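Examining the three-dimensional arrangement
Listed here are the chains, written in short residue letters.
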Amino acid sequence: MNNKYGVKILGTGSYFPEKILTNADLVKIVETSDEWITTRTGMKERHLSAKDEPTSDIAYKASIEALKASNVKPEEIDLIIVATITPDMLTPSTACFLQTKLGIKNIPVFDLSAACSGFVYALAVAKAFIEVGLYKTILLVGSEELAKFTDWTDRNTCILFGDGAGAMVLRACNEPSDILSVYLGADGAYAGLLDLPGGGTRNPATHDTVNEKMHAIKMLGKDVFKAAVPKMVFAAEKALEFAAKKLEDIKLFIPHQANMRILEAVAKKLEISMERVFVNLHKTGNISSATTITALDEAIKTGRLVKGDLVELVVFGAGFTWGAAVIRV
Ligand code: UT7
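Residues numbered from 1 in each chain as written. Predicted model: local features only at pLDDT ≥ 70, side-chain atom pairs only at ≥ 80, totals over all residues. Heavy atoms only, no water.

Some thoughts on the overall build of the protein chain
Our working rule: The way it works is that DSSP assigns letters per residue, a run of H or I at least four long becomes a helix, a run of E at least two long becomes a strand, and they are numbered from the N terminus. The cut-offs for exposure are 20% and 50% of the maximum accessible area for each residue type, with area from a 1.4 Å probe on protein chains only; residues under the lower value are buried, those over the upper are exposed, and the others partly exposed. When checking whether two residues touch, look at their non-hydrogen atoms; a contact exists if any pair is within 4.5 Å. The accessible surface values rely on the Shrake-Rupley method and a 1.4 Å probe; as for residues, cover is taken only from the protein chains in view.
Summing up its helical and strand segments, the protein chain has 10 helices and 13 strands in all. Looking at the protein chain as a whole, 53% of its 329 residues qualify as buried. Looking at the protein chain alone, contacts between residues at least 24 apart form 76% of all its contacts between residues at least 6 apart. If you sum the accessible surface of the protein chain, you get close to 14600 Å²; carbon and sulfur atoms cover 55% of it.

Next comes the structure, spelled out in structure tokens:
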């Protein structure tokens, strides 16, 4: 199929809530240690949103930054996609709340749920919409407040998650696309290994679902870890193949920041040095769909990436879902 338009990445932005939860703070909440968390995950601290700061608030702050970096006004946007699994409410979508905060009316907006793979899934949707000429300027957001869906008595999970948001502005262009390729995959047979079981139609909210902590993320960490590494390696290779690029062409790999040991295992299997792998999980924890976009924004802001560099985003999350994208910044 011939594409009508290419996709230009105009700019990125990110926002992290002010409050920081350190490993030392976690030691006061559950039976754990800084040593265990650091050696098993690489994490040191994560940000927590305030009680009165919903997912759309941090999405708004990241979006304003991305719009400024792109020199685009809110009224120029003709579609908003928010990747999130921690929405303001089940309905309406977080994208609707974000739209109103941005002062925009009458454009389509929606949330996309693909867990930690959400941003790369959203990138694929935005790419397709722009290429066929349906929308011209798209605001893409990954925004999560996982700490509000965390069981603070479960040391297996509460040490992992944090809050944060990232955004990107994309525009149709007549040049070669900045999104060279996207590869996506999923296998719902693994749903039970990582889920948030309460509050949906399977387990509508009751006193029991609250007492049983079913409104918090549950994970069989070891099994998720084992599946994540080969799927991320496979996805990274597939997206490179689709883009007709080699590992050497990629300046920086930005994998989903779930665990330092996962990042190291993926790098080892791909035979790339950790110097080419972006890591910020020590400061952020796992922020699901917001990980790759906030990491990309940081890599651009700190000069680790310069205009024209090729980057590969590689993700894996609940579902299971996975994917990768080769992009030019
Ligand atoms: O975002 C989507 C993708 N997510 C992921 O990819 C996460 C994948 N999983 C992981 O990152 C890791 O499996 C964890 C970090 C969650 C856990 O690390 P692990 O090396 O797989 O540890 P484990 O679950 O096998 O637990 C080892 C031991 C257990 O004790 P026993 O049974 O050996 O006595 C746990 O009870 O460590 C214990 N443990 C802890 N100890 C201190 C578990 N959590 C903690 C803790 N502090 N926070």
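Let us keep going from here.
Structural notes on helix α3 (residues 55–70)
To keep things clear, this is the line we draw: Under the convention used throughout, the expected extent of a helix is 1.5 Å for every residue step, that is, one less than its residue count.
Between its first and last C-alpha atoms α3 spans 22 Å; for 16 residues at 1.5 Å apiece the expected length is 22 Å, and the two agree. Looking at α3, one finds that the buried residues are Thr-55, Ser-56, Ile-58, Ala-59, Ala-62, Ser-63, Ala-66, Leu-67 and Ser-70.

Quick notes on the nonpolar core
Basically, it comes down to this: In this description, a nonpolar core means a group of buried Ala, Val, Leu, Ile, Met, Phe, Trp, Tyr and Cys residues linked to one another through side-chain atoms lying within 4.5 Å.
Met-232, Ile-262, Val-266, Phe-316 and Phe-320 are the most contacted members of the largest nonpolar core, which has 45 residues in total. Contributing elements (two or more residues each) for this core: α7 (221–243), α8 (260–270), β12 (310–317) and β13 (321–328). Per-element tally for this core: the top contributor is α7, with 11 residues. Not counting residues up to four positions away in its chain, the partners in contact with Met-232 are Pro-255, His-256, Ile-262, Val-266, Val-314, Val-315 and Phe-316.

Notes on the pattern of salt bridges
We count it as follows: For salt bridges, the criterion is a side-chain nitrogen of Lys or Arg within 4 Å of an Asp or Glu carboxyl oxygen.
Taken as a whole and assessed by the stated rule, the structure comprises 13 salt bridges. In this structure, the salt-bridge partner of Lys-301 is Asp-297, at a minimum N-O distance of 2.6 Å. With Lys-301 and Asp-297 both in helix α10 (residues 291–301) and four residues apart, this pair spans about one turn of that helix. Residues participating in the shared-partner salt-bridge network are Lys-8, Asp-178 and Arg-328.

Side note on the domain arrangement of the protein chain
It is common to give the size of an interface as the accessible area that goes away when the parts come together. Just so we agree on the cut-off: Each domain's extent was defined by an automatic or database domain assignment. Computed with a 1.4 Å rolling probe, the buried area is the accessible surface lost when two parts are put together, summed over both parts.
Under the domain assignment, the protein chain is made up of domain 1 (6–176) and domain 2 (180–328). On a C-alpha basis, the centres of domain 1 and domain 2 stand 14 Å from each other. Opposite the 49 residues of domain 1 that make contact, domain 2 presents 46 residues. Buried area between domain 1 and domain 2, both sides added, is near 3800 Å², and the carbon and sulfur share of it is 64%.

Comments concerning the layout of surface pockets
Just so we agree on the cut-off: Using protein atoms alone on a 1 Å grid, points that fit a 1.4 Å probe yet trap it form a cavity, whereas open point sets bounded by protein on both sides within 12 Å along at least five of seven lines form a pocket; residues with an atom within 4 Å of a point count as lining. Grid points are joined across faces, edges and corners, and a volume is the space filled by probe spheres set on the points. Asp, Glu, Lys and Arg are counted as charged, while Ala, Val, Leu, Ile, Met, Phe, Trp, Tyr, Cys and Pro are counted as nonpolar; the rest, among them Gly, fall into the polar class.
Roughly 190 Å³ of internal volume is contained in the second largest pocket. Around the second largest pocket, the lining residues are Ile-9, Leu-10, Gly-11, Thr-12, Ala-69, Asp-297, Ile-300, Lys-301, Leu-305, Val-306, Lys-307 and Val-329. Sorting the residues of the lining of the second largest pocket by element identifies β1 (6–15) and α10 as the ones contributing at least two each. With four residues, β1 is the largest single contributor of residues to the lining of the second largest pocket. Of the residues in the lining of the second largest pocket, the class split is seven nonpolar, two polar and three charged. When residues of the lining of the second largest pocket are assigned to domains, at least three map to each of domain 1 (6–176) and domain 2 (180–328).

Digging into the side chain of Ser-117
If you trace the backbone, Ser-117 turns up in the loop between β5 (109–112) and α5 (118–131). In contact with Ser-117, not counting residues within four places along its chain, are Val-315, Phe-316, Gly-317, Thr-321 and Trp-322.

Quick notes on the site of the ligand
Filter applied, for reference: Working definition: residue near molecule or strand if any one of its non-hydrogen atoms lies within 4 Å of it. Under this definition, polar contacts are N or O atom pairs within 3.5 Å; protein pairs additionally need one hydrogen-donor-capable and one acceptor-capable atom, and for neighbouring residues in sequence, both atoms have to be side-chain atoms.
Contacts to the ligand come from 23 residues, most closely from Thr-32, Arg-40, Lys-222, Asn-259 and Asn-286. Between the ligand and Trp-36, the relevant distance is 3.4 Å, taken from an oxygen atom to a side-chain nitrogen or oxygen of the residue. Side-chain polar atom of Asn-286 to an oxygen atom of the ligand: 2.7 Å apart, as the coordinates give it. Considered on its own, the ligand offers 940 Å² of accessible surface; in the complex 75% of this is hidden by protein. Where the shell around the ligand is concerned, the elements lending two or more residues are α2 (34–41), α7 and α8.

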